[in-house]
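Single-letter residue listing:
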Amino acid sequence: MSLASVSALSTTAVSTPAPWLNGRSGRAWLDPRTKAFALIAINVVTLSTNGSATAWTARSFAMGIVAVLWLSVGRVRTALTTSLAFAVGLVLVQYARLLPGQLALIGGIGTLVVQFIPLVAMASYLVYSTQVSEAVAAMERMRLPRAVVIPFTVVLRFLPTIAQEHRSISDAMRMRGIGFGGRVRSPLAMLEYRVVPLLVSLVRIGDELTVSALTRGLGGSRTRTHVSRTGFGWRDALLAVAVLIPVVALLGGGWRA
Amino acid sequence: MSATHQPPATATTGGRLTVKDLITVGVFSAFYIVAFYVAGMLGIIPIFMVLLALMCPIVGGIPFMLYLTRVKKFGMVTITGLLVGLVMTGGGHSWQSLIIAPLVAFLADLIFRAGNYSSWKHTLAGYFVFSLWIFGPYLPMMLNLDAYLAAIEPAYGTEYVTTVKSLMQSWFWFTIPVQVAVGTLIGAYLGRGVLRKHFERAGIA
Amino acid sequence: MIEVRNVHFRYQHGEEGAGLSGVDLHAAAGEVIVVTGSSGCGKTTLTRLVNGLIPHFFEGDLSGEASVAGRVVADTPPAEAADVVGSVFQNPRSQFFTVDVGSELAFAAENLGQDRDEILARVTESAQQLGLDAFMDRSIFQLSGGQKQKVACGSVWVSRPRVLVLDEPSSNLDAATIADLRGLIAGWKGAGCTVVVAEHRLHYLQGLADRWLLMENGQVTREFSAADMSAMDAATAASFGLRSPHPLPPPQPLAAPAGEDVVELTGFVKTYPGAKAPALDIASLTLPRHGTVAITGPNGAGKSTLTRALVGLDKKAPGILAIDGARRDRKARLATSFLVMQDVNHQLFTESVTEEIRLSAPDADDAHLATILAGLDLTAVAERHPMSLSGGQKQRVAIAAAVASDADVVIFDEPTSGLDLAHMAEVAARLEELVAAGRLVIVVTHDDELVEACADYLVRLEGGRVVSAGPLLREGASGEAA
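Residues numbered from 1 in each chain as written. Chains lettered and ligands numbered in written order. Predicted model: local features only at pLDDT ≥ 70, side-chain atom pairs only at ≥ 80, totals over all residues.

Quick word on the overall build of chain C
Filter applied, for reference: Each helix corresponds to a stretch of at least 4 residues labelled H or I by DSSP, and each strand to a stretch of at least 2 residues labelled E; elements are numbered beginning at the N terminus. A radius of gyration in this sense is built from C-alpha atoms; the matching globule rule multiplies 2.2 Å by the number of residues raised to 0.38. The exposure label follows from counting other C-beta atoms within 10 Å of a residue's C-beta, where the C-beta atoms are placed from the backbone and the thresholds are 20 or more for buried and 12 or fewer for exposed, leaving partly exposed in between. By definition, residue pairs are in contact when their C-beta atoms, positioned from the backbone, come within 7 Å.
Of regular secondary structure, chain C possesses 16 helices and 20 strands. Compactness check: chain C gives a C-alpha radius of gyration of 23 Å against a globular reference of 23 Å for 482 residues, within 12% of the reference. Its C-alpha atoms give chain C principal-axis dimensions of roughly 70 × 50 × 45 Å. Per-residue burial for chain C yields a buried fraction of 57% across its 482 residues. For chain C, restricting intrachain contacts to residue pairs at least 6 apart in sequence, the fraction spanning at least 24 positions comes to 71%.

Below is the structure:
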């Protein structure tokens with residue numbers, strides 16, 4: 001055992017309690033890398049075009065895993081509603097064709113629900129349960145260069161920013177009577193009115209963010225500290241095995257792209 | 001309300017990506033991803049999926065043309081491709097995008113660099129190549145159309161599947177590059193138009 | 001700690017304002033220095049010199065000597081200077097880099113490679129001090145502007161810099177948060193830090209600042225001691241172009257009826273999904289038909305909810321606005337109201353100022369548009385792109401669009417945050433012009449000085465309810481803002 005790991009152990013023992021940090025609160029502790037791996041596995045399972053009974057079972061299994069993950073962070077309602085939607089989707093896939101005429105098409109919605117709910121629920125779990133400092137620590141642990149880590153965190157930061165700015169701009173458009181049925185009718189003009197103020201706003205926020213980030217030492221020459229500890233534990237092993245089960249089942253059942 | 005002081009809008013060509021550049025890469029990648037999702041909402045319905053390859057470069061045109069004026073350094077588009085692939089994989093598209101998007105983005109970056117991130121011909125060519133990442137979401141269907149159709153048959157009925165099958169014969173895959181090319185032209189010219197009409201005059205391009 | 005000697009700086013891209021022309025600044029440990037002066041005087045530029053953004057990020061010609069904690073500014077990029085200099089900026093929305101409060105508080109210290117256990121201890125301590133411990137897992141996007149600004153201060157302080165630079169930190173804050181900000185600065189001073197604050201709003205720094213520098217055209221033209229400043233009256237401050245150096249007594253509405261011609265609001269109630277108590281609960285409210293109505297109240301009092309409901313933007317907020325006997329439902333309000341947003345960038349869409357006005361009045365002839373432009377002093381920029389204008393000009397473009405539209409109700413959301421005295425007075429004058437033209441003008445603001453300068457009627461909201469409403473006595477002749 002190296003000196004470094006000994007000292008790491010001892011610091012853990014005496015270190016200051018930080019209840020806000022994942023793993024010291026009631027939240028399940030999983031390494032972000034494991035969660036990312038699980039996401040890819042679930043993507044493979046749910047989006048595969050395999051239509052066999054095994055495939056539907058594998059997807060249900062995947063949904064079960066995601067529901068458990070949501071339960072582990074205490075979001076019972078999310079776990080229940082996603083599972084329920086998934087179940088309804090399954091029923092539609094199986095029985096919609098019995099409906100008369102065009103109504104049978106709602107089976108298509110069932111397919112969508114079954115394919116997307118587990119995946120989107122997993123992706124939102126990943127985002128919800130992972131603090132940014134954790135994600136950065138995990139990515140640097142994977143030796144991803146700064147040129148990837150910084151833009152990635154900026155994307156996380158800007159997806160909600162875009163939504164927020166867009167709401168304000170939509171408000172302004174409605175107030176000024178810009179919209180279909182309003183004063184502007186061409187779709188390209190609509191695109192222009194929506195996109196131009198939004199981009200101008202985002203560029204400005206990006207510039208101000210740059211200034212702030214630089215003065216907070218981003219991109220400096222020092223080696224970054226990570227307050228979040230990354231590392232694999234038994235939960236990670238459990239999740240990895242669990243998500244591999246449906247993948248293997250699909251492979252065995254004639255997995256296709 | 002404030003009199004905001006904007007940093008200089010001009011971007012230097014070449015050199016390493018600075019923190020400012022990396023943040024810009026993140027901002028525009030996020031916007032591109034959102035624009036794609038808005039266009040792709042329709043693509044979820046299989047019949048609209050046929051036109052996704054056309055819509056995507058059109059909607060992305062305005063942000064992408066502005067992006068190319070804000071950073072002019074090798075690697076920017078590659079990182080965007082990687083981020084697009086990552087978010088797509090998490091957001092409901094097949095994992096193949098994770099490989100294809102960075103790959104075509106890297107090729108696009110080479111083309112942009114050859115044109116010094118300013119030649120219009122290289123911009124068109126590079127944006128076309130970048131937009132080819134749209135093959136990612138199509139790939140599972142492409143590789144195995146029969147299995148895909150078999151999967152949706154119970155839901156959509158045999159008649160529908162037969163129609164789609166006849167539509168999506170092998171020649172359909174050749175329309176994708178054509179769609180991307182047409183979309184690229186429309187998107188790039190639209191983007192350049194808006195660049196001249198707005199962003200240059202507003203002092204941010 | 002800070003040694004600036006005869007520094008000249010000119011921005012490479014000229015549009016940035018004055019730059020610096022021979023500035024000296026010497027600041028010792030434990031000193032709080034306020035730099036003030038009208039917009040474009042160079043005070044922001046001076047803060048950028050201290051944190052190294054000048055010359056490393058904002059490029060230009062720099063001469064003279066500048067060092068902070070013994071390190072030469074010209075040789076120390078901001079990311080390297082960050083262990084000594086912490087910076088807080090004006091806009092709470094654009095300063096945070098991460099998404100959750102905990103990560104953000106640790107962000108700067110992590111970048112600087114500080115000791116993990118110390119960071120954890122300081123983050124926990126900061127969270128308690130800022131009253132944010134319950135929000136640690138919360139997305140910063142869900143916080144109020146004031147809370148965001150506290151996170152910004154906390155994130156900087158966790159890394160324990162010895163110099164703090166604040167560029168108009170109070171611009172977007174309400175009175176309670178400004179008081180908290182004062183407390184934070186006092187704590188930093190007590191810990192022996194040097195604090196430089198560039199500000200328009202001065203009163204909250206009284207009794208805290210050791211020296212006050214007045215800048216004009218890139219030069220420090222006057223220096224006031226703490227005693228000078230505490231003795232200075234509003235009129236003297238105004239003669240230097242400064243805002244009130246002392247807190248104004250909170251404006252008190254008179255318990256008098258609104259008069260004969262009245263506007264009536266009824267049934268403005270809104271409960272957000274999942275919330276127990278309504279965010280807005282105004283069963284009825286009477287306002288005068290003529291005059292400027294100011295709506296004030298702390299963050300979270302329901303001001304923004306009321307604004308969106310009044311303009312008719314919130315489809316789920318009922319309510320009837322009756323003006324001159326005509327009852328307006330939501331759709332009618334949307335067609336007859338105009339909101340001048342706090343961030344006017346969100347409401348400018350076209351490629352020239354003229355087109356922007358025309359968007360509001362597609363059928364108006366050119367002569368009419370020209371009159372409106374002239375009235376708002378926009379003739380010279382009529383063909384410019386609205387986004388290329390200064391903040392004040394953009395705001396005037398939005399007002400011109402309001403004037404050109406049919407809207408007879410014009411609502412302003414925080415029109416003077418971050419404005420100096422002259423610009424605030426200008427806004428006040430615009431409001432009065434709109435009132436004189438017969439429009440109903442409502443201004444939602446934290447700015448007591450604006451209320452004093454222009455409001456005829458005051459509505460104070462707390463917890464979604466009207467706690468007081470009535471006419472204000474205006475000392476029309478006090479003159480400091482008019």
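Focus: the overall build of chain B
Check the secondary structure of chain B and you find 10 helices and 0 strands. For chain B, the sequential pattern of α-helices and β-strands runs α-α-α-α-α-α-α-α-α-α. Considering only intrachain contacts with a sequence separation of at least 6, the fraction spanning at least 24 residues in chain B is 76%.

Here we look at the interface of chain C and chain A
Formally: Residue polarity is assigned by list, with Asp, Glu, Lys and Arg as charged and Ala, Val, Leu, Ile, Met, Phe, Trp, Tyr, Cys and Pro as nonpolar; anything else, Gly included, falls into the polar class.
The partner chain A presents 48 residues to the 54 residues of chain C that form the contact. Of all the secondary structure elements, the ones that give two or more residues to the side of chain C that touches chain A are α3 (78-81), α4 (101-111), α5 (116-129), β16 (337-340) and α12 (353-360) of chain C. For the side of chain C that touches chain A, the class distribution of residues is 29 nonpolar, 17 polar and 8 charged.

Observations regarding the sheet that holds strand β7 (residues 163-167) of chain C
Residues and elements named next belong to chain C. How we decide: Any two strands between which DSSP finds at least two bridges are classified as paired. Each axis is a line fitted through C-alpha atoms, taken for helices only over the stretch in contact, and angles between the N-to-C directions span 0 to 180 degrees.
Across the sheet, which stays open at both edges, the 6 strands sit in the order β6-β7-β8-β3-β9-β10 with mixed pairing between neighbours. Edge positions in the sheet fall to β6 (85-88) and β10 (219-225), since each of these pairs with one other strand and no more. Each adjacent strand pair in this sheet contributes to an overall mean axis angle of 20°, direction not counted. Packed onto the sheet, helix α6 (residues 145-158) meets β6 and β7 and runs at close to 175° relative to β6. This element, helix α7 (residues 175-190), spans β3 (32-36), β7 and β8 (194-198) of the sheet and lies at about 150° to β8.

Side note on helix α7 (residues 146-175) of chain A
All names here are of chain A. Worth spelling out the cut-off: Helix span, expected: 1.5 Å multiplied by one less than the number of residues in the helix. A residue's bend is given by the angle between axes fitted to the 7 residues ending at it and the 7 residues starting at it.
Counted at 1.5 Å a residue, the expected span for α7 with its 30 residues is 44 Å, and the 43 Å between its end C-alpha atoms agrees. Where α7 bends most, at F158, the angle is about 30°, and the proline P160 comes one to four residues later. Positive backbone phi, at 75°, marks G177, one or two positions downstream of α7.

A short note on the domain arrangement of chain C
All names here are of chain C. Keep this limit in mind: Domain delimitation in this document rests on an assignment produced automatically or drawn from a domain database.
Entries for chain C in the domain assignment read domain 1 (2-239) and domain 2 (262-471). Once you take the C-alpha centre of each, domain 1 and domain 2 turn out to be 32 Å apart. Between domain 1 and domain 2, the contact holds 15 residues from the first and 11 residues from the second. Counting only elements with at least two residues in the side of domain 1 that touches domain 2, the list comes to α6 and α7. Considering each element in turn, the side of domain 1 that touches domain 2 owes the most residues, 3 residues, to α7. Of the residues contributing to the side of domain 1 that touches domain 2, the split by class is 3 nonpolar, 10 polar and 2 charged.

A look at the nonpolar core
To keep things clear, this is the line we draw: In this description, a nonpolar core means buried residues of the types Ala, Val, Leu, Ile, Met, Phe, Trp, Tyr and Cys, linked to one another by C-beta atoms lying within 7 Å.
Residues A:I42, A:V66, B:F31, C:V163, C:V340, C:A400 and C:V410 are the most contacted members of the largest nonpolar core, which totals 286 residues. Excluding its chain neighbours within four sequence positions, the residues that come into contact with C:V163 are C:M1, C:I2, C:V50, C:V68, C:A69, C:V84, C:V85, C:C193 and C:T194.

So, the sheet that holds strand β17 (residues 409-413) of chain C
Residue and element names in this part refer to chain C. Overall, mixed pairing links the 6 strands, which are arranged β16-β17-β18-β13-β19-β20 in an open sheet. Edge positions in the sheet fall to β16 and β20 (465-471), since each has one partner strand and no second. On average, each strand axis in the sheet is inclined to that of its neighbour by 15°, with strand direction left out of account. Two strands pair when backbone bridges link them, and strand β13 (residues 292-296) and strand β19 (residues 457-462) are joined in this way by 4 bridges, in the parallel orientation. From the neighbouring strand, T296 faces β19, where its bridge partner is R460. With respect to the sheet, helix α15 (residues 421-436) is in contact with β13, β17 and β18 (440-444), its orientation differing from that of β18 by roughly 150°.

Looking at α5(C)
All names here are of chain C. Along its 14 residues, α5 runs 20 Å from first to last C-alpha, staying within 8% of the 20 Å computed at 1.5 Å per residue. Taken together, the buried positions of α5 are R116, I119, L120, R122, V123, T124, S126 and A127. Following α5 by one or two positions, G131 adopts a phi angle in the positive range, close to 70°.

Quick notes on unusual backbone geometry
Residue and element names in this part refer to chain C. A cis amide bond, omega 10°, links I54 with the succeeding residue P55. In this fold, P55 is placed in helix α2 (residues 53-56). If you check the backbone angles, A69 has positive phi at about 50° while not being a glycine. Relative to the elements of secondary structure, A69 occurs in the loop between β4 (60-68) and β5 (71-72).

Remarks on the environment of A:A62
Residues and elements named next belong to chain A. If you trace the backbone, A62 turns up in helix α3 (residues 53-72). With 28 C-beta atoms counted inside 10 Å, the residue A62 sits in the buried group. Taking the C-alpha atoms as reference points, A62 and V45, separated by 17 residues in sequence, lie 7.7 Å from one another. Excluding residues within four positions of it along the chain, A62 makes contact with I42, V45, T46, P118 and P246.

Focus on the packing of helix α6 (residues 132-141) of chain A against α7(A)
Residue and element names in this part refer to chain A. Cut-off, in case you're wondering: These descriptions rest on fixed angle ranges, namely under 35 degrees for roughly parallel, over 145 for roughly antiparallel, 65 to 115 for roughly perpendicular, and the rest for oblique. Should the near helix be turned counterclockwise from the far one by less than a right angle, the crossing is left-handed, whereas a clockwise turn marks it as right-handed.
Two elements in contact, α6 and α7, have axes whose closest approach is 10 Å; the angle formed by their N-to-C orientations is 155°. One finds that α6 runs roughly antiparallel with respect to α7. Classified by chirality, the crossing of α7 by α6 is right-handed. Two secondary-structure elements touch here, α6 through V132, V136, M139 and E140 and α7 through V149, F152, T153 and L156. Looking at side-chain class alone, the contact of α6 with α7 contains 6 nonpolar, 1 polar and 1 charged residues.

Notes on the packing of α4(C) against α5(C)
All names here are of chain C. Running from N to C, α4 and α5 point in directions that differ by 135°, and their axes come no closer than 10 Å. Between α4 and α5, the interaxial angle falls into the category oblique. The two elements α4 and α5 meet at a crossing, and its hand is right-handed. Here α4 contributes G102, L105, A106, A109 and E110 to the contact with α5, which in turn contributes I119, V123, S126 and A127.

Side note on the environment of B:V129
All names here are of chain B. Along the polypeptide, V129 turns up in helix α6 (residues 120-131). Overall, the presence of 22 C-beta atoms within 10 Å leaves V129 in the buried class. Considered as a pair, V129 and A108 are 21 residues apart in the sequence and their alpha carbons are 5.5 Å apart. Those residues in contact with V129, other than ones at most four positions away along the chain, are V104, L107, A108 and I111.

Section: the pairing of β17(C)
Residue and element names in this part refer to chain C. This is how the line gets drawn: A right-handed crossover is one whose linking path, passing over the helix from the first strand to the second, runs clockwise when the strands point away from the viewer.
With respect to burial, β17 is a largely interior element, 5 of its 5 residues being buried. Residue alternation in β17 divides its side chains into two sets, V409, I411 and D413 and V410 and F412, and both sets are buried. In the sheet, β16 pairs with β17 via 4 bridges, with the strands oriented parallel. Bridge pairing links S337 to V409 in β17. In the sheet, β17 pairs with β18 via 5 bridges, with the strands oriented parallel. The residue bridging V410 from the neighbouring strand is V441, located in β18. The β-α-β motif built from β17, the intervening α15 and the parallel element β18 has right-handed crossover chirality.

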